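Per-entry structural report
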Amino acid sequence: MKLVLYLQSKRRVWWRDHLQSLLPEIDCLLWEDCADKNAIDFAVVWRPPAGGLRQFKNLQAIVSIGAGIDHVLADPELPEIPVIRTTGAELTQRMREYVCLHVLRIHRQCSDMEAAQREQRWRPVITPPATRRQVGIMGLGKLGTDAAIHLTQLGFSVSGWARSKHTIAGVNCYHGEQVPEDFLKRSEILVCLLPLTPDTRNMLNTNLFEQLPSGAGLINAARGEHLVESDLLAALESGQLANATLDVFRKEPLPSTHPFWTHPNIVVTPHNASLIDPLSGGAEIAANLRRFIRGDLIADLTDTKRGY
Ligand code: NDP
Ligand code: OXD
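The notes below deal with the structure included here.

What counts, and where the lines are drawn
Residues numbered from 1 in each chain as written. Chains lettered and ligands numbered in written order. Predicted model: local features only at pLDDT ≥ 70, side-chain atom pairs only at ≥ 80, totals over all residues. Heavy atoms only, no water. Near = heavy atom within 4 Å. Polar contact = N/O pair within 3.5 Å; in protein donor to acceptor, adjacent residues only side chain to side chain. Areas by Shrake-Rupley, 256 points an atom, 1.4 Å probe, with all protein chains shown as cover. Nonpolar A, V, L, I, M, F, W, Y, C, P; charged D, E, K, R; others polar. Buried < 20%, exposed > 50% of the residue type's maximum accessible area, 1.4 Å probe, protein only. Helix = DSSP H or I, 4+ residues; strand = E, 2+ residues; numbered from the N terminus. Pairing = 2+ DSSP bridges. Right-handed = clockwise from strand over helix to strand, strands pointing away. Contact = heavy atoms within 4.5 Å. Axes fitted to C-alpha atoms, helices over the stretch in contact; angles between N-to-C directions. Core = buried A, V, L, I, M, F, W, Y, C linked by side-chain atoms within 4.5 Å. Salt bridge = Lys/Arg side-chain N within 4 Å of Asp/Glu carboxyl O.

Our focus in this paragraph is the site of ligand 2. All residues in the neighbourhood of ligand 2 are listed as Trp46, Gly66, Ala67, Gly68, Arg223, His271, Ser274 and Ile276. Between arginine 223 and ligand 2, the recorded distance is 2.7 Å, taken from a side-chain N or O atom to an oxygen atom. A distance of 2.6 Å separates an oxygen atom of ligand 2 from a polar side-chain atom of histidine 271. Bound to the protein, ligand 2 loses 83% of the 210 Å² it would expose on its own. Classifying every residue of the shell around ligand 2 gives 3 nonpolar, 4 polar and 1 charged.

Right under this line is the structure:
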């Protein structure tokens, strides 16, 4: 059997070599080294080129090097075959660290204290304890549920919203197709962990920001296309939002001239909230491919019609 690997990063050789060591029974090839496309059974990809995958006529499954599959579904000529995402304990752990770190940073007004230090100003800030801080999580999937549980353990008052009904101890769970007003009203810090689908695209916009408590903080660790960038800048300008922490952007890498880089109330991180490296992701991918070959159940199999 043969597998082809597509990602633009220099890390692709590391990925290929590591996958090869984990899957000795499968010939692992880089996209650019693949001479006989008809011989390929599996494609393991991050942001594949549009129309690229349909050239592999005998492909059985596509593996997303990521929890999100929007970058695969973006291909208008995508073959109708199973799409398996990549998740796992280490990926969840990394996102947990990111969300807890940045919720705590906003909660404890760390940016203000860092600014005061730069000016050598001694300015103690009194923040309420976490028990009096309300955090809202959009998306209660693998990552949102885990983040909600850990924020609750830190003492935060946590709410979450998903399409279907969820029950998580200590978390106020909302569900439905529309973001509930009540959920937004109580989200002093709003964390987006939704998949990117036609329903969620542009969801972080003026209308939503206006329903948050005045001076709320936003964390977007999901996808850049969730956010209407000009609406964020306007909400920061008016004070409706106090700050935003953004890990994902419509264009990545974020162009050097982009206003987010230098905005005093925006923290930019380079899409590394929960980076999938060959060590953590490779083991998950190898296990899923073996399950696929055996015909076993794969928890990471996605619903391409639903979009996640
Ligand atoms: P899951 O697929 O496990 O969960 C998605 C959640 O979103 C589910 O709870 C789902 O509801 C909910 N949802 C989907 N559509 C809607 C909608 N229209 N309205 C309300 N709720 C909705 O995803 P993960 O938790 O694994 O990952 C979430 C996203 O995080 C990924 O898709 C990816 O974009 C991003 N990500 C970012 C990373 C980074 O480094 N920045 C790393 C990894 C992921 P329901 O439960 O009812 O189906
Ligand atoms: C993912 C990501 O979807 O890294 O896993 O963004």
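That covers the picture; the talk isn't over yet.
Before going further, it helps to examine the pairing of strand S7 (residues 157-162). Of all 6 residues in S7, 5 are buried; the element is thus mostly enclosed. Of the strand pairs in this sheet, strand S6 (residues 134-138) and S7 are connected by 5 bridges, and their pairing is parallel. Residue glycine 136 lies in a different strand from S7, and its bridge partner there is serine 159. Remark: the S6/helix H5 (residues 142-153)/S7 crossover connection has right-handed handedness. Where S7 and strand S8 (residues 172-175) come together, 4 bridges link them in parallel fashion. Residue tryptophan 161 lies in a different strand from S8, and its bridge partner there is tyrosine 174.

Taking strand neighbours across the sheet as the criterion, the 5 strands line up as S2-S1-S3-S4-S5 in an open arrangement whose pairing is parallel. A single partner strand is all that each edge strand has here, and the edge strands are strand S2 (27-30) and strand S5 (83-84). Pairing geometry for strand S4 (residues 61-64) and S5, over 2 bridges, is parallel. Residue pairing for S5: valine 63 is matched across the bridge by isoleucine 84. Where helix H1 (residues 12-22) meets the sheet, it contacts strand S1 (2-6), S2 and strand S3 (42-45), and its direction lies at approximately 175 degrees from that of S2. Seen against the sheet, helix H9 (residues 278-294) touches S1, S3, S4 and S5 and runs at an angle of roughly 155 degrees to S3.

Moving on to the side chain of arginine 133. Relative to the assigned elements, arginine 133 resides in the loop between helix H4 (110-118) and S6. Once residues lying within four places of it in the same chain are set aside, the contact partners of arginine 133 are His107, Thr127, Pro128, Phe156, Ser157, Glu188 and Ile189.

A few words on the site of ligand 1. Taken together, 30 residues sit near ligand 1, with Arg85, Ser164, His166, Asp247 and Tyr308 positioned nearest. Here an oxygen atom of ligand 1 and a side-chain polar atom of arginine 223 are 3.3 Å apart. A distance of 2.6 Å separates an oxygen atom of ligand 1 from a polar atom in the side chain of tyrosine 308. Isolated, ligand 1 exposes 940 Å² of accessible area, and the fraction of that covered by the protein chains is 93%. For the shell around ligand 1, the secondary structure elements donating two or more residues are H5 and S7. Top contributing element to the shell around ligand 1 by residue count: H5, with 3 residues. For the shell around ligand 1, the class distribution of residues is 14 nonpolar, 9 polar and 7 charged.

Grouped together as the largest cluster of nonpolar side chains are 28 residues, with contacts concentrated most on Met138, Leu208, Phe209 and Leu232. Elements supplying a minimum of two residues to this core: helix H6 (181-185), strand S9 (189-192), helix H7 (206-211), strand S10 (216-220), helix H8 (229-238) and strand S11 (241-246). With residues up to four places along the chain from it excluded, the contact list for methionine 138 reads Trp161, Val179, Phe183, Leu190, Val191, Cys192, Leu193, Leu194, Met203, Leu204 and Leu208. Listed in part, the 24 residues of the second largest apolar core include Tyr98, Phe156, Ala162 and Ile189.

With that settled, consider unusual backbone geometry. For the peptide bond that leads from glutamate 252 to proline 253, omega is -10 degrees, which places it in the cis range. Among the structural elements, proline 253 can be located in the loop between S11 and strand S12 (266-268). Positioned with a positive phi, glutamine 120 is a non-glycine residue whose angle comes to about 55 degrees. Positionally, glutamine 120 belongs in the loop between H4 and S6. Accessibility expressed as a relative area gives 76% for glutamine 120, which makes it exposed. Positioned with a positive phi, histidine 271 is a non-glycine residue whose angle comes to about 45 degrees. Along the chain, histidine 271 turns up in the loop between S12 and H9.

Moving on to the pattern of salt bridges. For side chains bearing opposite charge, pairing can occur when the charged atoms are close. Per the counting criterion, the structure on display carries 15 salt bridges. Residue aspartate 27 is joined to lysine 2 by a salt bridge in which the shortest nitrogen-to-oxygen separation is 2.9 Å. Pair noted here: aspartate 27 is in strand S2 and lysine 2 is in strand S1, with a separation of 25 residues, a long-range link. Here lysine 2 falls in the partly exposed class, since its relative accessible area comes to 28%. Where aspartate 182 meets lysine 185, a salt bridge forms, and the shortest distance between an N and an O atom there is 3.8 Å. Here lysine 185 and aspartate 182 lie together in helix H6, a separation of 3 residues that amounts to about one turn. For aspartate 182, a relative accessible area of 36% puts it in the partly exposed group. Judged by its relative accessible area of 57%, lysine 185 falls in the exposed class.

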